[in-house]
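# Geometric and topological summary
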Amino acid sequence: METTLKIGDQVSCKKFGSLKHDFIGTVEKIYDNSAMVSIDKYDESDNITVTDFHNRAIVRLSSMKKVSA
């Protein structure tokens, strides 16, 4: 589990639920085992789902990895 995440970090997240592809986002809030992520870069085929999510998702910490800058 990634424990070195901070608010503002860019992360790569695994697909889940109705999302068909992995995506890249920015950590907005960190919880015990998950984080709220704003969805920044995603596959165009997931556009409707991302819009339904209001460009945010709650993602398990174990399903994300910090993107090296």
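Every value quoted in this text rests on a predicted model; they were computed, and no experiment measured them. (Residues numbered from 1 in each chain as written. Predicted model: local features only at pLDDT ≥ 70, side-chain atom pairs only at ≥ 80, totals over all residues. Heavy atoms only, no water.)

### Description of the overall build of the protein chain
Across its full length, the protein chain carries one helix and five strands. For the protein chain, the sequential pattern of α-helices and β-strands runs β-β-β-α-β-β. For the protein chain, the C-alpha radius of gyration of 11 Å lies close to 11 Å, the compact-globule estimate for 69 residues. C-alpha atoms of the protein chain, sized along the principal axes, occupy 30 × 25 × 15 Å. (Helix = DSSP H or I, 4+ residues; strand = E, 2+ residues; numbered from the N terminus. Rg over C-alpha atoms; globule rule 2.2 N^0.38 Å.)

### A short note on the pattern of salt bridges
All told, the structure shown has two salt bridges when counted by the stated rule. One salt bridge in this structure joins Asp9 and Lys66, with 3.8 Å as the shortest N-O distance. Of this pair, Asp9 sits in the segment before β1 (10-13) while Lys66 sits in strand β5 (residues 64-66), and the two are 57 residues apart along the sequence. In this structure, Arg56 and Glu28 form a salt bridge, with 2.7 Å as the shortest nitrogen-oxygen distance. Here the residue Arg56 occupies a position in strand β4 (residues 56-60), and Glu28 occupies one in strand β2 (residues 23-30), the gap between them amounting to 28 residues. By relative accessible area, which is 43% here, Arg56 ends up partly exposed. According to the relative accessible area criterion, Glu28 is partly exposed, its value standing at 29%. (Salt bridge = Lys/Arg side-chain N within 4 Å of Asp/Glu carboxyl O. Buried < 20%, exposed > 50% of the residue type's maximum accessible area, 1.4 Å probe, protein only.)

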